[in-house]
Amino acid sequence: MYTMSNQKRFYSPQFSALAAVSVRRLAWAMGKSMPAAVDLMVKLLPSLVDPSKVCLSCKDNTKCQGCIFCSTLTQEEKAALLAAL
């Protein structure tokens, strides 16, 4: 979706009450914004979910280069992400 100024907009789903409350609290603990907290959670997803399973189910292979499931985090990168919590 594009705005009139041709800047890309991303789909932003409504959070459940549980998700909104939890993300807000995580953001407070991090001293960051809610979008920053969500970004961190997304970056940690490959540590929780098998990336190959996600890739096998993918329905849009045009954005693989920008997908977190197509990149491999080093132990140092994972540690840095977790330290941000």
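Residue positions are counted from 1 within each chain, in the order its sequence is given. Under the rules for a predicted model, residues below a pLDDT of 70 receive no local features and side-chain atom pairs below 80 are neither given nor counted, while totals for whole chains, interfaces and linings still include all residues. Water and hydrogen atoms play no part in the side-chain values, which are based on all heavy atoms of the structure.

## Section: the pattern of salt bridges
Should their charged atoms come close, side chains of opposite charge can pair.
Next, step 1: In what follows, salt bridge is the name for a side-chain nitrogen of Lys or Arg lying within 4 Å of a carboxyl oxygen of Asp or Glu. Tallying each qualifying case throughout the model produces one salt bridge.
Next, step 2: The salt bridge involving Lys43 is made with Asp39; its shortest N-O contact spans 3.0 Å. Here Lys43 and its partner Asp39 are both found in helix α2 (residues 34-48), four residues apart, which amounts to about one turn of the helix.
Next, step 3: Partly exposed residues are those whose accessible area sits between 20% and 50% of the maximum for their type, while under 20% is buried and over 50% is exposed, using a 1.4 Å probe and protein chains only. Assessed through its relative accessible area of 37%, Asp39 is described here as partly exposed. Runs of E in the DSSP output that reach at least two residues are strands. Runs of H or I that reach at least four are helices, and both are numbered from the N terminus.

## Focus: the packing of helix α1 (residues 17-30) against α2
Next, step 1: Interaxial angle, 0 to 180 degrees, is taken between N-to-C directions of lines fitted to C-alpha atoms, where a helix line uses only the stretch in contact. One way to put it is that α1 packs onto α2 with a least axis distance of 8 Å and a crossing angle of 95°. Relative to α2, the element α1 lies roughly perpendicular. Contacts between α1 and α2 pair Ala20, Val23, Arg24, Leu26, Ala27 and Met30 from the former with Met34, Ala36, Ala37, Val38, Leu40 and Met41 from the latter.
Next, step 2: In the scheme used here, Gly and all other residues not listed as nonpolar or charged are polar, with Ala, Val, Leu, Ile, Met, Phe, Trp, Tyr, Cys and Pro taken as nonpolar and Asp, Glu, Lys and Arg as charged. Here the residues of the contact of α1 with α2 are counted per class, giving eleven nonpolar, no polar and one charged. Each angle receives one of four descriptions, namely roughly parallel if under 35 degrees, roughly antiparallel if over 145, roughly perpendicular if within 65 to 115, and oblique otherwise. Should any heavy atoms of two residues lie within 4.5 Å, those residues are considered in contact.

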